[in-house]
Amino acid sequence: MSDSPQATATVEVVSEPGLPPLAAPPVPARVRAPRLRGRRGRWVLLGFIAPALVVYLLMVIIPSLQSVELSFTDWDGISDDYAYIGFANYADIFASGRFWNAVKNTLILGLGSAVIINAISLVVALMLDKLEHGQGFFRTAVYLPALVSAFIAATIWKYLLNFNFGFVNTLLRDLGMPDAARDWLGDSGIVVWVILFLTCFTLGGNTTLIYLANLQSVPQELLEAARIDGANRRQVFANVTWPMLAGAVTVNMTLALIAGWTIFDQVMVLTSGGPGFVSETMAFFIYKVGFGEYRAGFGSAAAIVLFIVVIVSTVAANTYMRKREIQA
């Protein structure tokens, strides 16, 4: 090994008082091979990541950036030529009553589904956590609806809710309640609430399992200590269990909000935005004007608005709930 300063190091050894310090033998410097292996390993990892990164860039990032440019044009989505019109698309969007109706429906479905799904899932998770027998069976039964795609589930419900031969109206008529039979998907007064119910029905499986996993990870010592101190079930839940679920609440609310803001499949299958434009959401509004009405520039502007709404609302909600976690 070389005796250069880069390859060796000296350690000064203090001798007894009155004697000069002694120099220790040269100590070999650290071998650089592990560092080289670390760099080589990072290049290997980058090689594995690169194909997926390239696909993501080509299929998501670049089209998203192009949509920002197209939002300032009058492109129809077909022709090669288009003109830049500045912020005209954005001005038309905010002046459109149809757009604000889509915003209202999105708020109802997004916030409503997030709150309802989390409330019901937490109750179901608490019930499953108390089960001593058959928990695996009921856990599977609760999760099964989440395995069915939103498109298939909406198709099934479309037939169940058909006014003429649907199971729901047929059952109501057979039970002697013909006046209760409704055109569930054609009544403009209730159609959004029907979609909200169906959304909550199909999206609660994952949320329930996340809550159940967190409930089963709560230290039993804390629960026992609270009971010994005389706390009842409500007090134990409010002061011990609920604070321990802060992380699960943050995750579930964030996922539910994102899913609610971007609801599309259910509206597409059940009502196609109808009757008229009554049940359109922002995601369906973007699809309809961009591909159905050949206003790709206008649809791109609406997509940018939706992106900003999702980002701002999700970050704000996540920040608030993270503060709650710290307090808990």
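Keep in mind that this is a model prediction, so the values were computed, not measured.

Undergrad: Sorry if this is basic, but what is going on with the nonpolar core here?
TA: Generally speaking, soluble globular proteins have nonpolar side chains that are buried together. In terms of nonpolar packing, the biggest core is built from 32 residues, with Ile93, Phe99, Tyr211, Met282 and Phe285 touching the most fellow members. Listing elements by their share of this core, those giving two or more residues are α2 (88-94), α3 (97-130), α8 (204-216), α11 (246-261), α13 (282-292) and α14 (296-327). Apart from residues lying up to four places away in sequence, phenylalanine 285 is in contact with Arg98, Phe99, Ala102, Glu280, Phe298 and Ala302. The next biggest cluster of nonpolar side chains, apart from the first, holds 19 residues, and it includes Leu196, Leu198, Cys200 and Leu270.

Undergrad: Whenever I open this one, the pattern of salt bridges confuses me. Can you help?
TA: Tallied over the entire structure, the rule returns five salt bridges. The residue glutamate 280 makes a salt bridge to arginine 98 at a minimum N-O spacing of 2.9 Å. Pair noted here: glutamate 280 is in the loop between α12 (265-270) and α13 and arginine 98 is in helix α3, with a separation of 182 residues, a long-range link. Side by side, glutamate 280 and arginine 98 carry an identical accessibility label, which is buried. For the salt bridge of arginine 227 with glutamate 224, the shortest nitrogen-to-oxygen distance reads 3.3 Å. Separated by three residues within a single helix, arginine 227 and glutamate 224 lie in helix α9 (residues 220-228), roughly one turn from each other. Residue arginine 227 is classed as partly exposed on the basis of its relative accessible area, which comes to 40%. Take glutamate 224: its relative accessible area is 41%, and that puts it in the partly exposed class. Shared partners join several salt bridges into a network, and the residues in it are Arg98, Glu280, Glu293 and Arg295.

Undergrad: Please explain the side chain of serine 121 as it appears in this structure.
TA: Summarising the element assignment, serine 121 is placed in helix α3. Accessibility expressed as a relative area gives 3% for serine 121, which makes it buried. Polar contacts involving the side chain of serine 121 include one to the main-chain carbonyl oxygen of isoleucine 117, which spans 2.7 Å. Excluding residues within four positions of it along the chain, serine 121 makes contact with Gly204, Thr207, Thr208 and Tyr211.

Undergrad: Teacher, can you tell me more about the packing of aromatic side chains here?
TA: The geometry of an aromatic ring pair comes down to the distance between the two centres and the angle between the two planes. Per the counting criterion, the structure on display carries 17 aromatic pairs. When the ring of tyrosine 82 is compared with that of tyrosine 84, the centres are 5.9 Å apart and the planes differ by 75 degrees; the resulting orientation is edge-to-face. For tyrosine 82, a relative accessible area of 35% puts it in the partly exposed group. Taken together, Phe94, Phe99, Trp100, Phe285 and Phe298 form an aromatic cluster joined through their ring pairs.

Rules behind the numbers
Residues numbered from 1 in each chain as written. Predicted model: local features only at pLDDT ≥ 70, side-chain atom pairs only at ≥ 80, totals over all residues. Heavy atoms only, no water. Core = buried A, V, L, I, M, F, W, Y, C linked by side-chain atoms within 4.5 Å. Buried < 20%, exposed > 50% of the residue type's maximum accessible area, 1.4 Å probe, protein only. Helix = DSSP H or I, 4+ residues; strand = E, 2+ residues; numbered from the N terminus. Contact = heavy atoms within 4.5 Å. Salt bridge = Lys/Arg side-chain N within 4 Å of Asp/Glu carboxyl O. Polar contact = N/O pair within 3.5 Å; in protein donor to acceptor, adjacent residues only side chain to side chain. Phe/Tyr/Trp six-rings, centres within 6.5 Å; stacked < 30°, edge-to-face > 60°.

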